[in-house]
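The primary structure of each chain is shown beneath.
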Amino acid sequence: MATQHSRSAARFMLAPAVILLLGWMLVPLTMTLFFSFKKYLPMRGDSMANGLDWVGFANYTRFVTSSSFWPSVQTTLVIVGGVLVITVVFGVLLAILLDQPMWGQGMVRIFVIAPFFVMPTVSALVWKNMFMDPVNGLLAHLWKFFGAAPVEWLSQASMPSLIMIVSWQWLPFATLILLTAIQSLDSEQLEAAEMDGAPVLKRFWFIVLPHLSRAITIVVLIQTIFLLAIFAEIFVTTGGAFGTKTLSYLIFQRVLESQNVGLGSAGGVYAIILANIVALFLMRIVGKNLDA
(Lines give C-alpha, C1' and ligand atoms only; values in the text may rest on other atoms or scores of the structure.)
Protein backbone atom coordinates (compact mmCIF):
# COMPACT_ATOMS: atom_id res chain seq x y z
CA MET A 1 0.00 0.00 0.00
CA ALA A 2 1.13 3.52 -0.74
CA THR A 3 2.70 5.43 2.13
CA GLN A 4 1.95 9.05 3.00
CA HIS A 5 5.32 10.06 1.59
CA SER A 6 4.71 8.32 -1.76
CA ARG A 7 1.24 9.89 -2.05
CA SER A 8 2.68 13.34 -1.36
CA ALA A 9 5.40 12.77 -3.96
CA ALA A 10 2.77 11.69 -6.51
CA ARG A 11 0.68 14.82 -5.84
CA PHE A 12 3.79 16.99 -6.17
CA MET A 13 4.68 15.47 -9.55
CA LEU A 14 1.10 15.77 -10.83
CA ALA A 15 0.65 19.34 -9.63
CA PRO A 16 2.24 21.11 -12.67
CA ALA A 17 0.06 19.19 -15.14
CA VAL A 18 -3.07 19.79 -13.05
CA ILE A 19 -2.33 23.51 -12.71
CA LEU A 20 -1.66 23.80 -16.45
CA LEU A 21 -4.89 21.96 -17.26
CA LEU A 22 -6.94 24.11 -14.88
CA GLY A 23 -5.42 27.27 -16.34
CA TRP A 24 -6.12 26.07 -19.86
CA MET A 25 -9.79 25.62 -18.94
CA LEU A 26 -10.39 28.44 -16.48
CA VAL A 27 -8.66 31.33 -18.27
CA PRO A 28 -10.88 31.22 -21.42
CA LEU A 29 -13.97 30.64 -19.25
CA THR A 30 -13.11 33.61 -17.05
CA MET A 31 -12.52 35.84 -20.07
CA THR A 32 -15.84 34.74 -21.59
CA LEU A 33 -17.67 35.59 -18.36
CA PHE A 34 -15.86 38.93 -18.15
CA PHE A 35 -16.70 40.01 -21.71
CA SER A 36 -20.31 38.82 -21.38
CA PHE A 37 -20.97 41.64 -18.89
CA LYS A 38 -19.25 44.28 -21.03
CA LYS A 39 -20.05 46.28 -24.16
CA TYR A 40 -17.26 45.31 -26.50
CA LEU A 41 -17.60 46.40 -30.12
CA PRO A 42 -14.06 46.48 -31.59
CA MET A 43 -15.19 47.96 -34.92
CA ARG A 44 -16.75 50.92 -33.09
CA GLY A 45 -13.66 51.84 -31.14
CA ASP A 46 -14.07 49.77 -27.99
CA SER A 47 -10.81 48.36 -26.66
CA MET A 48 -9.34 46.90 -23.48
CA ALA A 49 -6.87 49.79 -23.28
CA ASN A 50 -9.64 52.41 -23.13
CA GLY A 51 -11.79 50.38 -20.77
CA LEU A 52 -15.07 48.65 -21.48
CA ASP A 53 -18.51 49.78 -20.33
CA TRP A 54 -20.33 47.55 -17.85
CA VAL A 55 -23.75 46.51 -19.16
CA GLY A 56 -24.70 43.85 -16.61
CA PHE A 57 -27.05 41.20 -17.95
CA ALA A 58 -28.04 43.22 -21.02
CA ASN A 59 -26.06 40.94 -23.35
CA TYR A 60 -27.71 37.85 -21.88
CA THR A 61 -31.18 39.35 -22.22
CA ARG A 62 -30.52 40.50 -25.78
CA PHE A 63 -29.10 37.13 -26.84
CA VAL A 64 -31.87 34.99 -25.35
CA THR A 65 -34.63 37.28 -26.69
CA SER A 66 -33.14 37.21 -30.19
CA SER A 67 -35.41 35.66 -32.80
CA SER A 68 -32.57 33.29 -33.75
CA PHE A 69 -31.81 31.90 -30.28
CA TRP A 70 -34.50 29.26 -29.74
CA PRO A 71 -34.49 28.09 -33.38
CA SER A 72 -30.71 27.63 -33.11
CA VAL A 73 -31.11 25.58 -29.91
CA GLN A 74 -33.77 23.46 -31.60
CA THR A 75 -31.57 22.96 -34.67
CA THR A 76 -28.65 21.94 -32.47
CA LEU A 77 -30.71 19.33 -30.63
CA VAL A 78 -32.23 18.00 -33.88
CA ILE A 79 -28.78 17.52 -35.43
CA VAL A 80 -27.42 15.88 -32.29
CA GLY A 81 -30.42 13.55 -32.02
CA GLY A 82 -30.39 12.64 -35.72
CA VAL A 83 -26.68 11.87 -35.75
CA LEU A 84 -26.92 9.81 -32.57
CA VAL A 85 -29.75 7.67 -33.94
CA ILE A 86 -27.94 6.98 -37.21
CA THR A 87 -24.53 6.30 -35.70
CA VAL A 88 -25.83 4.04 -32.93
CA VAL A 89 -28.15 1.98 -35.15
CA PHE A 90 -25.75 1.58 -38.06
CA GLY A 91 -22.79 1.34 -35.67
CA VAL A 92 -24.33 -1.74 -34.04
CA LEU A 93 -25.04 -3.31 -37.45
CA LEU A 94 -21.56 -2.57 -38.78
CA ALA A 95 -19.93 -3.84 -35.58
CA ILE A 96 -21.81 -7.13 -35.87
CA LEU A 97 -20.86 -7.40 -39.56
CA LEU A 98 -17.19 -6.64 -38.94
CA ASP A 99 -17.08 -9.20 -36.15
CA GLN A 100 -17.87 -11.97 -38.65
CA PRO A 101 -14.93 -13.82 -40.25
CA MET A 102 -14.33 -12.60 -43.79
CA TRP A 103 -11.57 -12.30 -46.35
CA GLY A 104 -9.45 -9.17 -45.79
CA GLN A 105 -11.12 -8.43 -42.47
CA GLY A 106 -8.31 -6.14 -41.29
CA MET A 107 -8.41 -3.98 -44.43
CA VAL A 108 -12.20 -3.76 -44.30
CA ARG A 109 -12.04 -2.51 -40.73
CA ILE A 110 -9.45 0.11 -41.68
CA PHE A 111 -11.61 1.39 -44.56
CA VAL A 112 -14.69 1.56 -42.31
CA ILE A 113 -12.86 3.46 -39.57
CA ALA A 114 -10.92 5.78 -41.94
CA PRO A 115 -13.60 8.55 -42.25
CA PHE A 116 -13.18 9.37 -38.55
CA PHE A 117 -9.65 10.60 -39.23
CA VAL A 118 -10.73 13.01 -41.99
CA MET A 119 -10.92 16.64 -40.90
CA PRO A 120 -14.52 17.93 -40.61
CA THR A 121 -13.81 20.71 -43.11
CA VAL A 122 -12.39 18.27 -45.66
CA SER A 123 -15.25 15.79 -45.30
CA ALA A 124 -17.82 18.58 -45.66
CA LEU A 125 -16.09 19.85 -48.82
CA VAL A 126 -15.98 16.35 -50.28
CA TRP A 127 -19.69 15.79 -49.68
CA LYS A 128 -20.60 19.27 -50.91
CA ASN A 129 -18.62 19.20 -54.15
CA MET A 130 -18.25 15.53 -55.09
CA PHE A 131 -21.57 14.06 -53.96
CA MET A 132 -24.22 16.75 -53.39
CA ASP A 133 -23.43 19.24 -56.12
CA PRO A 134 -26.65 19.52 -58.19
CA VAL A 135 -24.71 19.75 -61.48
CA ASN A 136 -21.50 17.73 -61.22
CA GLY A 137 -22.08 15.66 -58.08
CA LEU A 138 -22.18 11.88 -58.16
CA LEU A 139 -25.71 11.88 -56.75
CA ALA A 140 -26.82 14.25 -59.52
CA HIS A 141 -25.44 11.90 -62.19
CA LEU A 142 -27.14 8.98 -60.46
CA TRP A 143 -30.47 10.80 -60.49
CA LYS A 144 -30.04 11.66 -64.17
CA PHE A 145 -29.22 8.03 -64.97
CA PHE A 146 -32.63 6.99 -63.62
CA GLY A 147 -34.36 9.87 -65.41
CA ALA A 148 -35.03 11.97 -62.31
CA ALA A 149 -34.25 15.63 -61.74
CA PRO A 150 -31.16 16.25 -59.57
CA VAL A 151 -31.84 17.37 -56.01
CA GLU A 152 -30.27 20.53 -54.59
CA TRP A 153 -29.41 18.79 -51.36
CA LEU A 154 -28.01 21.68 -49.35
CA SER A 155 -31.00 23.93 -50.03
CA GLN A 156 -33.95 21.59 -50.56
CA ALA A 157 -32.95 19.00 -47.94
CA SER A 158 -30.41 20.92 -45.91
CA MET A 159 -31.03 19.36 -42.49
CA PRO A 160 -31.03 15.70 -43.65
CA SER A 161 -27.95 16.42 -45.76
CA LEU A 162 -26.10 17.95 -42.84
CA ILE A 163 -27.06 15.09 -40.55
CA MET A 164 -25.84 12.61 -43.17
CA ILE A 165 -22.49 14.39 -43.53
CA VAL A 166 -21.87 14.50 -39.79
CA SER A 167 -23.08 10.92 -39.32
CA TRP A 168 -20.65 9.71 -41.99
CA GLN A 169 -17.80 11.20 -39.97
CA TRP A 170 -18.90 9.90 -36.56
CA LEU A 171 -20.13 6.44 -37.60
CA PRO A 172 -16.61 4.92 -37.54
CA PHE A 173 -16.13 6.07 -33.94
CA ALA A 174 -19.36 4.40 -32.82
CA THR A 175 -18.52 1.28 -34.83
CA LEU A 176 -15.07 0.99 -33.25
CA ILE A 177 -16.39 1.27 -29.68
CA LEU A 178 -19.26 -1.15 -30.32
CA LEU A 179 -17.02 -3.63 -32.16
CA THR A 180 -14.72 -3.73 -29.13
CA ALA A 181 -17.72 -4.40 -26.90
CA ILE A 182 -19.01 -7.19 -29.15
CA GLN A 183 -15.62 -8.89 -29.18
CA SER A 184 -15.74 -9.03 -25.37
CA LEU A 185 -19.03 -10.97 -25.47
CA ASP A 186 -18.74 -14.55 -24.29
CA SER A 187 -19.43 -16.69 -27.35
CA GLU A 188 -20.60 -19.55 -25.13
CA GLN A 189 -23.77 -17.61 -24.32
CA LEU A 190 -24.66 -17.30 -27.99
CA GLU A 191 -23.81 -20.95 -28.63
CA ALA A 192 -25.98 -22.07 -25.72
CA ALA A 193 -28.89 -19.92 -26.92
CA GLU A 194 -28.49 -21.30 -30.43
CA MET A 195 -28.48 -24.85 -29.17
CA ASP A 196 -31.67 -24.12 -27.22
CA GLY A 197 -33.34 -23.08 -30.48
CA ALA A 198 -33.39 -19.31 -29.96
CA PRO A 199 -33.71 -17.49 -33.33
CA VAL A 200 -31.21 -14.87 -34.46
CA LEU A 201 -33.37 -11.86 -33.58
CA LYS A 202 -34.00 -13.11 -30.05
CA ARG A 203 -30.30 -13.80 -29.52
CA PHE A 204 -29.56 -10.28 -30.63
CA TRP A 205 -32.32 -8.69 -28.52
CA PHE A 206 -31.77 -10.59 -25.28
CA ILE A 207 -28.01 -11.24 -25.35
CA VAL A 208 -26.08 -8.95 -27.72
CA LEU A 209 -28.01 -5.71 -27.18
CA PRO A 210 -27.95 -5.81 -23.34
CA HIS A 211 -24.22 -6.52 -23.53
CA LEU A 212 -23.78 -3.40 -25.72
CA SER A 213 -25.79 -1.10 -23.44
CA ARG A 214 -22.77 0.32 -21.64
CA ALA A 215 -20.84 0.86 -24.88
CA ILE A 216 -23.86 2.59 -26.42
CA THR A 217 -24.20 4.97 -23.48
CA ILE A 218 -20.51 5.88 -23.73
CA VAL A 219 -20.88 6.50 -27.48
CA VAL A 220 -23.92 8.71 -26.89
CA LEU A 221 -22.19 10.68 -24.13
CA ILE A 222 -18.94 11.34 -25.99
CA GLN A 223 -20.58 12.15 -29.32
CA THR A 224 -23.11 14.49 -27.72
CA ILE A 225 -20.37 16.54 -26.07
CA PHE A 226 -18.67 17.11 -29.42
CA LEU A 227 -21.83 17.44 -31.53
CA LEU A 228 -23.20 20.27 -29.38
CA ALA A 229 -20.34 22.40 -30.70
CA ILE A 230 -20.72 21.43 -34.37
CA PHE A 231 -19.56 24.27 -36.60
CA ALA A 232 -17.16 23.41 -39.43
CA GLU A 233 -19.63 21.30 -41.42
CA ILE A 234 -22.25 24.06 -41.30
CA PHE A 235 -19.77 26.78 -42.19
CA VAL A 236 -18.54 24.88 -45.26
CA THR A 237 -21.88 23.60 -46.58
CA THR A 238 -24.84 25.88 -45.82
CA GLY A 239 -23.33 28.84 -44.00
CA GLY A 240 -26.13 28.67 -41.46
CA ALA A 241 -28.84 29.14 -44.09
CA PHE A 242 -31.91 27.00 -44.78
CA GLY A 243 -32.62 26.39 -41.09
CA THR A 244 -29.21 24.93 -40.20
CA LYS A 245 -27.98 27.65 -37.86
CA THR A 246 -26.90 26.00 -34.61
CA LEU A 247 -26.12 27.73 -31.33
CA SER A 248 -22.37 27.62 -31.96
CA TYR A 249 -22.85 29.11 -35.44
CA LEU A 250 -25.06 31.86 -33.99
CA ILE A 251 -22.28 32.72 -31.53
CA PHE A 252 -19.82 32.86 -34.43
CA GLN A 253 -22.06 35.33 -36.25
CA ARG A 254 -22.37 37.56 -33.22
CA VAL A 255 -18.64 37.61 -32.51
CA LEU A 256 -17.03 37.71 -35.94
CA GLU A 257 -19.68 38.87 -38.39
CA SER A 258 -21.40 41.41 -36.09
CA GLN A 259 -18.18 42.17 -34.18
CA ASN A 260 -20.08 42.10 -30.88
CA VAL A 261 -17.76 40.28 -28.50
CA GLY A 262 -19.91 40.89 -25.44
CA LEU A 263 -23.04 39.49 -27.06
CA GLY A 264 -21.16 36.49 -28.42
CA SER A 265 -19.62 35.84 -25.00
CA ALA A 266 -23.09 35.78 -23.45
CA GLY A 267 -24.05 33.22 -26.10
CA GLY A 268 -20.99 31.20 -25.15
CA VAL A 269 -22.16 31.08 -21.55
CA TYR A 270 -25.57 29.87 -22.73
CA ALA A 271 -23.83 27.18 -24.78
CA ILE A 272 -21.89 26.07 -21.69
CA ILE A 273 -25.13 25.88 -19.69
CA LEU A 274 -26.84 23.84 -22.43
CA ALA A 275 -23.87 21.47 -22.68
CA ASN A 276 -23.84 20.94 -18.91
CA ILE A 277 -27.59 20.28 -18.78
CA VAL A 278 -27.30 17.67 -21.53
CA ALA A 279 -24.15 16.19 -19.96
CA LEU A 280 -25.79 15.86 -16.53
CA PHE A 281 -28.83 14.20 -18.11
CA LEU A 282 -26.65 11.75 -20.01
CA MET A 283 -24.43 11.08 -16.99
CA ARG A 284 -27.50 9.96 -15.04
CA ILE A 285 -28.32 7.52 -17.83
CA VAL A 286 -24.70 6.32 -18.01
CA GLY A 287 -24.60 5.91 -14.23
CA LYS A 288 -27.72 3.76 -14.23
CA ASN A 289 -26.34 1.53 -16.99
CA LEU A 290 -22.96 1.18 -15.33
CA ASP A 291 -24.55 0.25 -12.02
CA ALA A 292 -26.84 -2.31 -13.67
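A short tour of the structure in this document, coming up. Worth saying up front: this structure is predicted, and the values here are computed from it rather than measured. (Residues numbered from 1 in each chain as written. Predicted model: local features only at pLDDT ≥ 70, side-chain atom pairs only at ≥ 80, totals over all residues. Heavy atoms only, no water.)

Some points on the side chain of Gln169
Then comes step 1: Secondary-structure assignment places Gln169 in helix α8 (residues 158-183).
Then comes step 2: One polar contact links the side chain of Gln169 to the main-chain carbonyl oxygen of Val118, over a distance of 3.2 Å.
Then comes step 3: Apart from residues no more than four positions distant in its own chain, Gln169 is found in contact with Pro115, Phe116, Val118, Met119, Pro120, Ser123 and Glu233. (Helix = DSSP H or I, 4+ residues; strand = E, 2+ residues; numbered from the N terminus. Polar contact = N/O pair within 3.5 Å; in protein donor to acceptor, adjacent residues only side chain to side chain. Contact = heavy atoms within 4.5 Å.)

Comments concerning the packing of aromatic side chains
Then comes step 1: A complete count under the given rule lists 25 aromatic pairs for this structure.
Then comes step 2: Aromatic pair Phe69 and Trp70: ring centres 4.9 Å apart, planes at 75°, arrangement edge-to-face.
Then comes step 3: Where Trp127 meets Phe131, the ring centres are 4.9 Å apart and the plane angle is 35°; that geometry is what we call tilted. Here Trp127 pairs with Phe131, and both are found in helix α5 (residues 120-131), just four residues apart, close to one helical turn.
Then comes step 4: One aromatic cluster is present, built from ring pairs that chain together Phe37, Trp54, Phe57, Tyr60, Phe63, Phe69, Trp70 and Tyr270. (Phe/Tyr/Trp six-rings, centres within 6.5 Å; stacked < 30°, edge-to-face > 60°.)

Here we look at the side chain of Thr175
Then comes step 1: Here Thr175 lies in helix α8.
Then comes step 2: Classification of Thr175 as buried rests on a relative accessible area of 1%.
Then comes step 3: Discounting residues that sit within four places of it in the chain, Thr175 has contacts with Gly91, Leu94, Ala95, Leu98 and Val112. (Buried < 20%, exposed > 50% of the residue type's maximum accessible area, 1.4 Å probe, protein only.)

Thoughts on the nonpolar core
Then comes step 1: In terms of nonpolar packing, the biggest core is built from 45 residues, with Phe63, Ile79, Val166, Leu178, Leu212, Ile216 and Leu227 touching the most fellow members.
Then comes step 2: Those elements that provide at least two residues to this core are α3 (69-98), α8, α10 (200-227), α12 (247-257) and α13 (261-291).
Then comes step 3: With eleven residues, the single largest contributor to this core is α8.
Then comes step 4: Excluding residues within four positions of it along the chain, Ile79 makes contact with Met159, Leu162, Ile163, Ile230, Ile234 and Thr246.
Then comes step 5: Counting residues in hydrophobic clusters, the runner-up holds seven residues, among them Met132, Leu139, Trp153 and Leu154. (Core = buried A, V, L, I, M, F, W, Y, C linked by side-chain atoms within 4.5 Å.)

Section: helix α1 (residues 4-36)
Every α-helix carries 3.6 residues per turn, so stepping three or four residues along brings you back to the same face.
Then comes step 1: With 33 residues, α1 should cover 48 Å at 1.5 Å per step; its first-to-last C-alpha distance of 44 Å lies within 8% of that length.
Then comes step 2: A maximum bend of about 40° is found in α1 at Ala15, where proline Pro16 lies one to four positions downstream. (Expected span 1.5 Å × (residues − 1). Bend = angle between axes of the 7 residues up to and from the residue.)

Let's talk about the environment of Ala232
Then comes step 1: With respect to the helices and strands, Ala232 occurs in helix α11 (residues 232-237).
Then comes step 2: Separated by 168 residues in sequence, Ala232 and Val64 place their C-alpha atoms 23 Å apart.
Then comes step 3: Once you skip the residues sitting within four places of it in the chain, Ala232 turns out to touch Pro120 and Thr121.

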